[in-house]
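# Notes for the structure review
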Amino acid sequence: MAAEQERQPQPIGVIGTGYVGLVTAAGFAELGSEVWCIDIDAAKIARLQRGEVPIWEPGLEELLAKHSGRLHFSTDLSDALEHCRLLFVAVGTPPTYSGDADLSAVHAVVDAIPASERHALVMKSTVPSGTGAAIQRVLGEQGKQGLRYVSCPEFLKEGSAVHDFLHPDRVVVGDNGDWAGDAVVELYAPLQAPLVRTDIASAEMVKLASNAFLATKISFINEIANVCEGTGADVVEVARGMGLDERIGSKFLQAGIGFGGSCFPKDVDALKQLAGNSGYHFQLLTAVIEVNELQKRRVISKLHKHLGGLVGKRITLLGLAFKPNTDDMREASSLVLSARLNADGAIVSAYDPVAEAQARQLVSGLRFADSAMDAIGEADAVVLVTEWPEFMELNWDKVAQAMSGKLVIDGRNALDSGAVRAAGLVYEGVGRS
Ligand code: UDX
């Protein structure tokens, strides 16, 4: 890589080795930086030092292995401070009971950083707009005003995180116009992505507003789907017709059984809460959240419609993760579904190609099958929860033979409805005619 040698990108520290931290570390290593990854979880660091990757993310393990010579893992922050000026913060900011983001991990990092004229905190974690200003106030109170602060939100999607890091739609850098912002811009320069260089509060808001907008798009199309079910229109056709309007765009118009994951539910809540804290009632987001919660439960009423009571009925869930290509179960629709089915007395089997281990920690009362066909045997109804590619390949004649009943609910409008029906099964999608 001649360009890489010319540029000699500077070393960076990454604090927090979750999805965002590890992908950021691997991505910047790919761009030529030495990277010091710091985490307080000693067991996790030990695994990473052995070359084990604690999360399932396509391409990540390979990229970390490719650059193992440039990647250093430690529990000691001073290792990063010694070698790097830029310290990317990628710790968790989960929701609290009030809906505000829990910033305790972020503040622990702020407290742990010593006074310095040569270091900068680069915030990758999603934080409410105003956090940068608050942190800079704290740094001032702690006599650490020499530390620079940059907001650099991450927009990667789980399942395609490595690709998203290396091919971003845009890079957003919010800073005070000092060396640290320049240095972050320079690190991203090889990606040749459109740059939005702005103030810190605006950069923070770009992230929250983007996620809230995408979540709104999903709840909107889900409501259109629900109306389609009453009118005989097909939401897939409606979305196709809408999406060709460039002002609308075709992405994020797939109706289904609701959005989940570590970001959308949390960020929509956090933005609603942030607005509320400053005296503004964000009505639209309240509806976005409510529509999503109801959407997860609509499968239950569809099952009731076809099967009557669910006591003793065998229901198969195909997929458990909140979306394909991830083992992440956070806020997955399957969590609500499996709990509701249990409460209604159904006998539930489930199969997910990679999320079983995560799911076992969160759900009880269901049988984990070894394969899709194993889960489907004797089922009264099959529900597609996560559109893993292998479920698209199912032989529906074999499925029909294995099932006791005939009902297939396609929670993601991803199956070939013609093939399902041709096997003599009853197909029900979301908002399909
Ligand atoms: C999201 C954002 O896309 C990303 O920019 C941000 O950094 C983190 O949050 P992610 O949570 O990985 O990424 O998942 P994404 O692919 O956006 O999907 C989120 C949820 O929305 C999934 O449950 C998915 O099934 C659902 N979804 C998505 C729909 O129901 N319909 C759609 O059309 C698109």
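These figures come from a predicted structure and were not determined experimentally.

### Quick look at the confidence of the model for the chain
Of the residues in the chain, 98% reach a pLDDT of 70 or more, and the chain-wide mean stands at 95. Note that pLDDT drops below 50 for residues 1-5; the model gives that stretch six contacts with residues more than four away or on any other chain.

### Points about the packing of aromatic side chains
All chains considered together, the criterion is met by nine aromatic pairs. With a centroid separation of 5.0 Å and 70 degrees between ring planes, the pair formed by Phe-28 and Tyr-188 is classed as edge-to-face. Of the two residues, Phe-28 is situated in helix 2 (residues 19-30) and Tyr-188 in helix 9 (residues 179-188); the sequence distance between them amounts to 160 residues. Side by side, Phe-28 and Tyr-188 carry an identical accessibility label, which is buried. Measuring from ring centre to ring centre gives 6.1 Å for Phe-252 and Phe-264, while their planes differ by 65 degrees; the resulting arrangement is edge-to-face. Of the two residues, Phe-252 is situated in the loop between helix 11 (235-243) and helix 12 (264-277) and Phe-264 in helix 12; the sequence distance between them amounts to 12 residues.

### Describing the packing of helix 13 (residues 283-307) against helix 14 (residues 333-343)
Helix 14 packs onto helix 13 with a crossing angle of 40 degrees between their chain directions and a minimal axis gap of 8 Å. Both helix 13 and helix 14 take part in a crossing whose hand is right-handed. Touching Lys-296, Arg-297, Val-299, Ile-300 and Leu-303 of helix 13 are Ser-333, Val-336, Leu-337, Arg-340 and Leu-341, all from helix 14. Tallied by class, residues from the contact of helix 13 with helix 14 come to six nonpolar, one polar and three charged.

### Structural notes on the domain arrangement of the chain
Once the domains are mapped, the chain shows domain 1 (2-198) and domain 2 (234-428). In this structure, domain 1 and domain 2 have C-alpha centres spaced 33 Å apart. Taken together, both faces of the contact between domain 1 and domain 2 bury some 1300 Å²; the carbon and sulfur share is 51%. In this assembly, domain 1 and domain 2 are joined by one salt bridge.

### Description of the nonpolar core
Grouped together as the largest cluster of nonpolar side chains are 41 residues, with contacts concentrated most on Phe-28, Val-35, Leu-60 and Leu-86. Among the elements that line this core, the one with the most residues is helix 2, at seven residues. If we ignore the near neighbours within four places in the chain, the residues touching Leu-86 are Gln-10, Ile-12, Gly-13, Ala-120, Val-122, Trp-179, Ala-180, Ala-183, Val-184 and Leu-187. The next biggest cluster of nonpolar side chains, apart from the first, holds 37 residues, and it includes Ala-239, Ile-300, Leu-337 and Ala-355.

### Remarks on the sheet that holds strand 13 (residues 407-410)
In spatial order, the strands read 11-10-9-12-13-14; together these six strands make up an open sheet with parallel pairing. Of all the strands in the sheet, just strand 11 (366-368) and strand 14 (426-428) have a single pairing partner and so form its edges. Along the sheet, successive strands turn relative to each other by an average axial angle of 20 degrees, direction set aside. Here helix 13 sits on the sheet and contacts strand 9 (314-318), strand 12 (381-384), strand 13 and strand 14; the angle it forms with strand 13, its principal contact strand, is near 160 degrees. Helix 14 rests against strand 9, strand 10 (347-351), strand 11 and strand 12 of the sheet, and its axis sits at about 175 degrees to strand 9.

What counts and what doesn't
- Residues numbered from 1 in each chain as written.
- Predicted model: local features only at pLDDT ≥ 70, side-chain atom pairs only at ≥ 80, totals over all residues.
- Heavy atoms only, no water.
- pLDDT = per-residue confidence, 0-100.
- Contact = heavy atoms within 4.5 Å.
- Phe/Tyr/Trp six-rings, centres within 6.5 Å; stacked < 30°, edge-to-face > 60°.
- Helix = DSSP H or I, 4+ residues; strand = E, 2+ residues; numbered from the N terminus.
- Buried < 20%, exposed > 50% of the residue type's maximum accessible area, 1.4 Å probe, protein only.
- Axes fitted to C-alpha atoms, helices over the stretch in contact; angles between N-to-C directions.
- Left-handed = near helix turned anticlockwise from the far one by under 90°.
- Nonpolar A, V, L, I, M, F, W, Y, C, P; charged D, E, K, R; others polar.
- Domains from an automatic or database assignment.
- Buried area = accessible area lost by both parts, 1.4 Å probe.
- Salt bridge = Lys/Arg side-chain N within 4 Å of Asp/Glu carboxyl O.
- Core = buried A, V, L, I, M, F, W, Y, C linked by side-chain atoms within 4.5 Å.
- Pairing = 2+ DSSP bridges.

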